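# Architecture at a glance
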Amino acid sequence: MSNKRNITVRMKADLEYEARNPQGNVVNIDMYDPEHKHAQSPMDLLLSALGGCASVDAVLMMKKKRREIVDFFVEAEGTRNDGIPAFYTDIQLNFVLVSPDATSEEFEKVVALSVDKYCSVASTLKSTITYKSEVRRPE
């Protein structure tokens, strides 16, 4: 089995895009100002991907410890660089677990493992990106 993943991002309008994987799952993306926004921006999606990735392992580890999960969520906040590109200089993840039998100490360890060891998105933020470009003529 290949370790490669593929996504196609297609323009729908100047500030609207659609990302689709080979299975046909679609994520809408837009770059509108907040008052006109109907989808997440690419930078919102990056925070969403990071929070979602880290959540899965944290929840699975707590369940493996046989802890009851009443509620769980992650609040992700990114501080962006002033200027272009406006990349995230810092990202703060606040993991919240509502559980009658979990301890703060064990959850803190689980979160650290999830983010630092198991989360592919967090590791990807440290990776190298390569690119190419091509122009195609209309048929």
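Before going into details, it helps to say that this report is about the structure given with it. (Residues numbered from 1 in each chain as written. Predicted model: local features only at pLDDT ≥ 70, side-chain atom pairs only at ≥ 80, totals over all residues. Heavy atoms only, no water.)

On to the overall build of the protein chain. For the protein chain, the helix and strand inventory stands at 3 helices and 5 strands. Counting from the amino terminus, the protein chain carries its helices and strands in the arrangement β-β-β-α-β-β-α-α. Here the C-alpha atoms of the protein chain give a radius of gyration of 18 Å, more than 25% beyond the 14 Å that 2.2 N^0.38 yields for 139 residues. Viewed in the frame of its principal axes, the protein chain has a C-alpha envelope of about 60 × 40 × 25 Å. Looking at the 139 residues of the protein chain, the share that counts as buried comes to 22%. Across the protein chain, the fraction of contacts at a sequence separation of at least 24, relative to all contacts at a separation of at least 6, is 39%. Accessible area of the protein chain: about 11,100 Å², with a carbon and sulfur share of 51%. (Helix = DSSP H or I, 4+ residues; strand = E, 2+ residues; numbered from the N terminus. Rg over C-alpha atoms; globule rule 2.2 N^0.38 Å. Buried < 20%, exposed > 50% of the residue type's maximum accessible area, 1.4 Å probe, protein only. Contact = heavy atoms within 4.5 Å. Areas by Shrake-Rupley, 256 points an atom, 1.4 Å probe, with all protein chains shown as cover.)

This part is about the nonpolar core. If you look at the biggest cluster of nonpolar residues, it comprises 17 residues, and the most contacted ones within it are Leu-50, Phe-72, Phe-95, Phe-107 and Cys-119. Only helix 1 (42-64), strand 5 (88-98), helix 2 (104-118) and helix 3 (120-124) provide two or more residues apiece to this core. Ignoring sequence-local partners within four residues, the contact set of Cys-119 consists of Leu-50, Cys-53, Ala-54, Asp-57 and Ser-114. (Core = buried A, V, L, I, M, F, W, Y, C linked by side-chain atoms within 4.5 Å.)

Each aromatic ring pair is summarised here by two numbers: the centre-to-centre distance and the angle between the ring planes. For the structure shown, the criterion picks out 2 aromatic pairs. Ring plane angle 55 degrees and centroid distance 6.4 Å describe the contact between Phe-72 and Phe-95, whose orientation is recorded as tilted. Here the residue Phe-72 occupies a position in strand 4 (residues 71-80), and Phe-95 occupies one in strand 5, the gap between them amounting to 23 residues. Comparing Phe-72 with Phe-95, the two get one shared label, buried. Where Phe-72 meets Phe-107, the ring centres are 6.3 Å apart and the plane angle is 90 degrees; that geometry is what we call edge-to-face. Residue Phe-72 is found in strand 4, and its partner Phe-107 is found in helix 2; the two are separated by 35 residues along the sequence. Both residues of the pair, Phe-72 and Phe-107, count as buried. (Phe/Tyr/Trp six-rings, centres within 6.5 Å; stacked < 30°, edge-to-face > 60°.)

Here we take up the sheet that holds strand 2 (residues 16-20). Here 3 strands make up an open sheet; going across it, the order is 1-2-3 and the pairing antiparallel. Each edge of the sheet is formed by a strand with only one pairing partner; in this case those strands are strand 1 (8-13) and strand 3 (26-30). Strand-to-strand twist of the sheet, defined as the mean angle between neighbouring strand axes without regard to direction, takes the value 25 degrees. Bridge count between strand 2 and strand 3: 5 bridges; the pairing is antiparallel. The residue of strand 3 that forms the bridge with Tyr-17 is Ile-29. (Pairing = 2+ DSSP bridges. Axes fitted to C-alpha atoms, helices over the stretch in contact; angles between N-to-C directions.)

Summarising the element assignment, Asp-30 is placed in strand 3. Among the polar contacts listed, one links the side chain of Asp-30 to the side chain of Lys-37, at a separation of 2.4 Å. In terms of polar contacts, Asp-30 uses its side chain to reach the backbone amide nitrogen of Ala-39, at 2.9 Å. Excluding residues that lie within four positions of it along the chain, Asp-30 makes contacts with Leu-15, Glu-16, Lys-37, His-38, Ala-39, Gln-40, Ser-41 and Pro-42. (Polar contact = N/O pair within 3.5 Å; in protein donor to acceptor, adjacent residues only side chain to side chain.)

Turning our attention to the pattern of salt bridges. Using the criterion set out here, one finds 3 salt bridges in the structure. Across the salt bridge formed by Asp-30 and Lys-37, the nearest N and O atoms sit 2.4 Å from each other. In this structure Lys-37 comes out as partly exposed when scored by relative accessible area, which is 31%. The partner of Arg-67 in a salt bridge is Glu-106, with the nearest N and O atoms 2.7 Å apart. Placement of Arg-67 in the loop between helix 1 and strand 4 and of Glu-106 in helix 2 is noted, with a sequence separation of 39 residues between them. For Arg-67, a relative accessible area of 28% puts it in the partly exposed group. (Salt bridge = Lys/Arg side-chain N within 4 Å of Asp/Glu carboxyl O.)

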